[in-house]
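Listed here are the chains, written in short residue letters.
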Amino acid sequence: MILANRRITVREVAEDLNISIGSCHSIFINDLGMRRVAAKFVPKLLNCDQKQHRMNIANEMLDSFRDDPNLLQRVITGDEAWVYGYDVETKAQSSQWKLPHEPRPKKARQVRSNVKVLLTVFFDCRGVVHHEFLPQGRTVNKEYYLQVMRNLREAIRQKRPDLWMNKNWLLHHDNAPAHNSLLVRDFLAKNNTLMMPQPPYSPDLAPCDFFLFPKLKRPMKGRRYATLDEIKTASKEELKKIFFFYDFLKCFEDWKNRWHKCIISHGDYFEGDKIEGVDGGAQGMDELCLGGLKQRQEYEQELRPLHLSHNVTLMDRSNNRGASSLQVLLFSFNFPNITFLAHLIRENGLENLLMSCMEEVNEATITKSLDELECYHQHMNRRIFVHKVTESRARLDRR
């Protein structure tokens, strides 16, 4: 009965079987392990060929990742999205606490404003590489996107010199007409730009759609911006707030897990489904961040209250003198531990690392080898390190 009509109600089943509604509900929940859920909106009802295409690309990317574990560190992904002068709050954002005797809060039905601006963003596992806004009166056509590609290449040259020199970075974007135009494809081929495939109708497999844009837009929902300049300013501010490396690293790890989920789901959309056998995020992040989750949490508890945002001179435990050559900029955000910082510097280069997250930082050098930096971590007692950093920051504040 239930399998024949999944929309049948408990009351209808109880009447047909001549049992109580409570007993019928208990059978549904406890014995059959079923629950009633609402259908989820999806971009498109995929046909068999489209599902198979999604699976093929997911398999292809997983094979590429197995052959090259550093593949995702070389990927730069991007897309466009409209940012509105007013966007409606989500249901969760408008919820609030109330006392038992108080009435339920009310709100009027509202719609998005007509004032909007198109934002184009490109980022990688280190942070945002390039962003720009569509000039008023223009549309996203092949000529405009060609200029975006030129601007992106210049941003990579300045902010990712290692990728630029090695010429091994991969571009990932969706299948919009402007992206796939012959003019753009010729430009990318002429510059030997490697492409990463993206299946059509697949926002669940695009990092901009499942990570960056929701994270950017959520704080802006419910706020009103009267002019385009206000929208742009607010968008830039929210974009700068997404600076913590761990968020971007986690996004790319989640991207890999989504390929697995796509295959397990036989190419269908999987968001909101409980999929067994895909739980590599924490383990992958532990490997990437060096040290394991427990150690990272211990460091975070001790370092986060300090809110390190200055040039901090690390102190040598053995002779208690300042190691000026190890003046590492622990800026803006709190690194979970020194080993994680050393790993990021080793992978990206300190100057490149800083410029990718703080555009106002133009010069940063480090003269000691990273091996010595890791030795500081190995031979330094954690509490002594925290104490020395606190002293250094106090001296800087007094200055």
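Residues numbered from 1 in each chain as written. Predicted model: local features only at pLDDT ≥ 70, side-chain atom pairs only at ≥ 80, totals over all residues. Heavy atoms only, no water.

As annotated in an unreviewed UniProt entry, the protein chain is Mariner transposase from Cordylochernes scorpioides.

Undergrad: What am I meant to see in the pairing of strand β2 (residues 116-124) here?
TA: Sheet faces and side chains relate simply in a regular strand, where the side chains alternate between the two faces. The buried fraction of β2 amounts to eight of the nine residues, a majority that puts the element mostly inside the structure. Two elements, strand β1 (residues 75-84) and β2, share eight bridges in a ladder whose sense is antiparallel. Looking at the pairing, Ala-81 lines up with Leu-119 of β2. Sheet topology places β2 next to strand β3 (residues 127-133); six bridges connect them, and they run antiparallel. The residue bridging Phe-122 from the neighbouring strand is His-130, located in β3. The antiparallel pairing of β2 with β3 creates a hairpin that spans two residues between the two strands. (Buried < 20%, exposed > 50% of the residue type's maximum accessible area, 1.4 Å probe, protein only. Helix = DSSP H or I, 4+ residues; strand = E, 2+ residues; numbered from the N terminus. Pairing = 2+ DSSP bridges.)

Undergrad: What should I look at first to understand a positive patch on the surface in this one?
TA: Together, Lys-91, Lys-98, Arg-104, Lys-106 and Lys-107 make up a positively charged patch on the protein surface. Along the chain, Lys-91 turns up in helix α4 (residues 91-94). (Patch = residues over 30% accessible without salt bridge, like charges linked within 9 Å, V, L, I, M, F, W, Y side chains within 5 Å. Areas by Shrake-Rupley, 256 points an atom, 1.4 Å probe, with all protein chains shown as cover. Salt bridge = Lys/Arg side-chain N within 4 Å of Asp/Glu carboxyl O. Lys, Arg positive; Asp, Glu negative; His and termini not counted. Charge placed at Lys NZ, Arg CZ, Asp CG, Glu CD.)

Undergrad: Before we go on, may I ask you to explain the state of the cysteines in this structure?
TA: Put plainly, a disulfide is one covalent bond tying together the sulfur atoms of two cysteines. Within this structure, the stated rule accounts for zero disulfides. Of the cysteine sulfurs around Cys-125, a residue in no disulfide, the closest is that of Cys-251, at 9.7 Å. Overall, Cys-125 belongs to the buried group, its relative accessible area being 8%. (Disulfide = S-S within 2.5 Å.)

Undergrad: Could you clarify how one ought to interpret the packing of aromatic side chains in this entry?
TA: The final tally for this structure, using the stated rule, is six aromatic pairs. Aromatic pair Phe-123 and Phe-248: ring centres 5.7 Å apart, planes at 55 degrees, arrangement tilted. In this pair, Phe-123 is assigned in strand β2 and Phe-248 in helix α10 (residues 245-264), connecting sequence segments 125 residues apart. Taking relative accessible area as the criterion, Phe-248 reaches 0% and is therefore assigned buried. What links up through ring pairs into an aromatic cluster is the set Phe-123, Phe-211, Phe-248, Phe-252, Trp-255 and Trp-259. The ring centre of Tyr-201 lies 5.0 Å from the NZ or CZ of Lys-44, which sits over that ring. The ring of Trp-82 is capped by Lys-116, whose NZ or CZ atom sits 4.3 Å from the centre of that ring. (Phe/Tyr/Trp six-rings, centres within 6.5 Å; stacked < 30°, edge-to-face > 60°. Lys NZ or Arg CZ within 6 Å of the ring centre and 35° of its normal.)

Undergrad: Just checking my understanding: could you explain the packing of helix α1 (residues 10-17) against helix α2 (residues 21-31) for this structure?
TA: Two quantities define a packed helix pair, namely the angle between the helix axes and the distance between the axes. For the pair α1 and α2, interaxial distance at closest approach is 9 Å and the crossing angle is 115 degrees. With respect to each other, α1 and α2 are oriented roughly perpendicular. Classified by chirality, the crossing of α2 by α1 is right-handed. The residues of α2 that touch α1, namely those facing Val-10, Arg-11, Val-13 and Ala-14, are Ile-21, Cys-24, His-25 and Phe-28. (Axes fitted to C-alpha atoms, helices over the stretch in contact; angles between N-to-C directions. Parallel < 35°, antiparallel > 145°, perpendicular 65-115°, else oblique. Left-handed = near helix turned anticlockwise from the far one by under 90°. Contact = heavy atoms within 4.5 Å.)

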